Each structure stands twice: as structure tokens, then as C-alpha cells.
Amino acid sequence: MITRDRSLASGYPEPLWEQAKAALRNRIAAGELKSGSRLPPERELCGLLGISRVTLRRALTALVEEGVLRSAHGRGWYVAQSERKEWPNTLESFTETAHRMGLVPTSKVLRCASAAATLDEAEAFQIAPGTPLHRVDRVRMLDGVPIAVDESLVPADVAVGFDDVDFTTRSLYDTLTELGFELAQADTTIEARSADAALAEHLDIAPGTPVLEMRQIVRDRNGRPLLSSVIRYAGDRYRLRTSFLRGAGV
């Protein structure tokens, strides 16, 4: 909730929509409206700023054009994600990434239970079909903003004590490390997808919105698969940064 602004006045040299734009920008800069968060409804904003809806929308549209806000059709206005939200080209957990950026990671646990491995899952883990796997499905959030839906699988003989772990705040990587496993290398593929209704609801986006789907197999130094994950990121809340080296003589 933002505080009421009593500074807007029709007698000022600047038009009311520009004053409203500046007032909203100041609140974003002050952290009153956090990166990625949804703005209050237009009717509430009009009351807080003391302006008409036409004036408000002109201010909001201008902020969208400047990259300060983004509009989700039928769902409202959102503060644009900060440019610092970039993922590295090193293997680090969601929690480690969040802490590196000074953000608070939390999760909504959708499922934490064991199930028999399917043929595809068994092939990925190099185990027999039907072997127990522990599934941990979560909505991953940064400062309370949903960023991704993470569906992870771990062999049951590795996931010792997982039923007693609170994965709303606990890192899966940290849990595996404390159990004595070393996460050394990951094979990763990233593709563009469209959000289905369930995913869209979890990420607070419209169905059909582009998402980035990252499939990853994490192995120890001996090449044993310890973790398989499918992570679907809201397309405007994720950026992959990497680098390439050109070999000598190429």
C-alpha cells in the first residue's frame, strides 16, 4: 500500500499526469513499490493521487514506455524488474543467487513426496524404472515476487530426511551438500514455452505468456546424476548471462 500523495496540484507548471508519474517513480526509487510487485488497483491509485483515471493512465503508460513499469493485460500494472536480476554462468542455487543480489528467497511448496521413476526419469538418473524418486515442486519467489516454478527430482537414497525439511525457506542445494553430496556440474537446456493455465496462476501472469523453461541434470564429480529439475521462469523476470571463448586458430 502506498501513502496518499497531497503534493499534486493543478496550479503547478507541470501537467497533473507528469506530477503523478514523478510521484510514482519516487515511490519506486524509495522502495515503497518494490521491483516486480503489482501496483494497487487504478481506482485506489486515483484516490491516493487525487487524479482522474484518464490522467493516471497517461502517467502509467509513460512509465511503461520508460521501462519503469510493465502492463499485464487484464491483470494490472507492475514495477519492472531491476536490471541486476541476472543469473550467472556458474552453477549456483536459486538461494545463493538471491543472497548475492541482496534479495530474500522464499518458496511455496506444491509437492514434496516420493514416487516411482518413469521410463524417461529412470533414463535421466541411470536407474531402473520404478525406482523411488523424491519430488520437490515449488513456486520460487524473490522478495515475495513469484519468479519461477521449480519441479525437482532427487533419488530416494539421496533424499534422506527430505520429509522433515521445510523447503519454503530451505535450499535444496544446501540440503544435498549437508548430506555429503557434491554438486559439481550441470547439463542445461533452455527453451521458450507458453504458460498454461496452472503455471500462469502460480506466476501471476496471463495464460499463453512466454516463459523460459530450463531443464537441468546436476551431477557429482563422478558423473552420477543427483538432481533433475524443470524450472519455468516468467519470461520478463529472468535473464541468462554467459560468455564464449573463441579457440586459437579458429
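Below or above, wherever it landed, is the structure these notes cover. Per chain, residue numbering runs from 1 following the sequence as it is written. In keeping with the model being predicted, local features are shown solely for residues with a pLDDT of at least 70 and side-chain atom pairs are shown and tallied solely at 80 or more, while totals for entire chains, interfaces and linings include all residues. Side-chain numbers come from the whole structure's heavy atoms, not from hydrogens or water.

For the rest of this paragraph, the subject is the overall build of the protein chain. The number of helices and strands found in the protein chain is 7 helices and 8 strands. Exposure categories follow from relative accessible area, calculated using a 1.4 Å probe and restricted to protein chains: below 20% of the type maximum is buried, above 50% is exposed, and the middle band is partly exposed. Burial analysis of the protein chain (250 residues in total) assigns 44% to the buried set. For the accessible areas, the method is Shrake-Rupley and the probe is 1.4 Å, while residue cover comes only from the protein chains on display. When the accessible surface of the protein chain is summed, it comes to about 13400 Å², and 51% of that surface belongs to carbon and sulfur atoms. Each helix is a run of DSSP H or I of at least 4 residues and each strand a run of E of at least 2, with the numbering of both proceeding from the N terminus.

Here we take up the side chain of Ser 93. Secondary-structure assignment places Ser 93 in the loop between strand 2 (76-79) and helix 4 (94-100). Residue Ser 93 is classed as buried on the basis of its relative accessible area, which comes to 4%. Throughout, a residue-residue contact means that at least one pair of heavy atoms, one from each residue, lies within 4.5 Å. Ignoring anything within four residues of it in the chain, the contact list for Ser 93 reads Ser 171 and Tyr 173.

Moving on: the pattern of salt bridges. One side-chain nitrogen of Lys or Arg within 4 Å of one carboxyl oxygen of Asp or Glu is enough to make a salt bridge. In this structure the tally under the stated criterion is 18 salt bridges. Residues Lys 21 and Glu 66 are paired through a salt bridge, measuring 2.9 Å at the closest nitrogen-oxygen approach. Here Lys 21 is found in helix 1 (residues 16-29), whereas its partner Glu 66 is found in the loop between helix 3 (53-65) and strand 1 (69-72), with 45 residues between them in sequence. The class for Lys 21 is buried, based on a relative accessible area of 17%. Among the residues examined, Glu 66 registers a relative accessible area of 39% and is labelled partly exposed. The salt bridge partner of Arg 38 is Asp 204, with a shortest N-O separation of 3.7 Å. Within this pair, whereas Arg 38 is found in the loop between helix 1 and helix 2 (42-49), its partner Asp 204 is found in the loop between helix 7 (197-203) and strand 7 (210-219), the two being separated by 166 residues in sequence. Among the charged side chains, a network of salt bridges with common partners joins Glu 151, Glu 191, Arg 193, Glu 213, Arg 215 and Arg 232.

The span one expects for a helix is its residue count, reduced by one, times 1.5 Å. Between its terminal C-alpha atoms helix 3 stretches 18 Å, which fits the 18 Å expected from 13 residues at 1.5 Å a residue. When we look at burial in helix 3, the residues that qualify are Thr 55, Leu 56, Ala 59, Leu 60, Ala 62 and Leu 63. Summarising the axial view, the buried residues of helix 3 lie within an arc of 160°, below the 170-degree limit, and thus occupy one face. Seen from the buried face of helix 3, the exposed residues on the opposite side, beyond 90 degrees, are Val 54 and Glu 65. Buried residues along helix 3 sit in contact with helix 1, helix 2, strand 1 and strand 2. Once helix 3 finishes, Gly 67 follows within two positions and takes phi at roughly 80°, a positive value. By arc we mean the arc of the directions from the helix axis to the C-beta atoms, nothing more.

Turning next to the environment of Ser 114. Here Ser 114 shows up in strand 3 (residues 105-116). The class of Ser 114 is partly exposed, set by a relative accessible area of 48%. Distance from Ser 114 to Pro 155, taken between C-alpha atoms, is 9.1 Å for residues 41 residues apart in sequence. Identification of polar contacts relies on pairs of N or O atoms within 3.5 Å, with a donor-acceptor requirement for protein atoms, meaning one able to donate a hydrogen and the other able to accept it, and with residues adjacent in sequence counted only if both atoms are side-chain atoms. Polar side-chain contacts of Ser 114 include one of 3.2 Å to the side chain of His 134.

Now for the nonpolar core. By nonpolar core we mean a set of buried residues, namely Ala, Val, Leu, Ile, Met, Phe, Trp, Tyr and Cys, connected to one another through side-chain atoms within 4.5 Å. Counting 18 residues, the largest nonpolar core has Leu 24, Leu 39, Leu 49, Leu 56, Leu 60 and Leu 69 as the members making the most contacts within it. Broken down by secondary-structure element, the contributors of at least two residues to this core are helix 1, helix 2, helix 3 and strand 2. With 13 residues, the next largest nonpolar core counts Val 136, Val 154, Val 158 and Leu 226 among its residues.

Our next topic: the packing of aromatic side chains. Pairing of aromatic side chains here covers Phe, Tyr and the six-membered ring of Trp, requires ring centres within 6.5 Å, and sorts the geometry by plane angle: under 30 degrees stacked, over 60 edge-to-face, intermediate tilted. Taken as a whole and judged by the stated rule, the model has 1 aromatic pair. Seen in terms of ring centroids, Phe 162 and Phe 167 are 5.4 Å apart; in terms of plane orientation they differ by 65°. Their pairing is edge-to-face. Neither Phe 162 nor Phe 167 differs from the other in exposure class; each is buried. Criterion for a charge above a ring: Lys NZ or Arg CZ within 6 Å of the ring centre, and within 35 degrees of the ring normal. In this structure, Arg 70 is placed above the aromatic ring of Tyr 78, and the distance from its NZ or CZ to the ring centre is 4.3 Å.

Looking now at the sheet that holds strand 5 (residues 145-155). Strand pairing in a sheet relies on backbone hydrogen bonds, with the paired strands running either antiparallel or parallel. Here 6 strands make up an open sheet; going across it, the order is 3-4-5-8-7-6 and the pairing antiparallel. Looking at which strands have only one partner, the edges of the open sheet turn out to be strand 3 and strand 6 (185-194). This sheet shows a mean twist of 15° between the axes of neighbouring strands, independent of strand direction. As defined by bridge partners, strand 3 adjoins strand 4 (residues 132-142) across 11 bridges and the pair is classed as antiparallel. In the sheet register, Pro 105 faces strand 4, and the bridge partner there is Leu 142. By definition, two strands form a pair when at least two bridges between them are found by DSSP. Note on method: axes are straight lines fitted to C-alpha atoms, helices fitted across the in-contact stretch only, with angles between N-to-C directions ranging 0 to 180 degrees.

Read these as layout, nothing more, since geometry by itself doesn't imply function.
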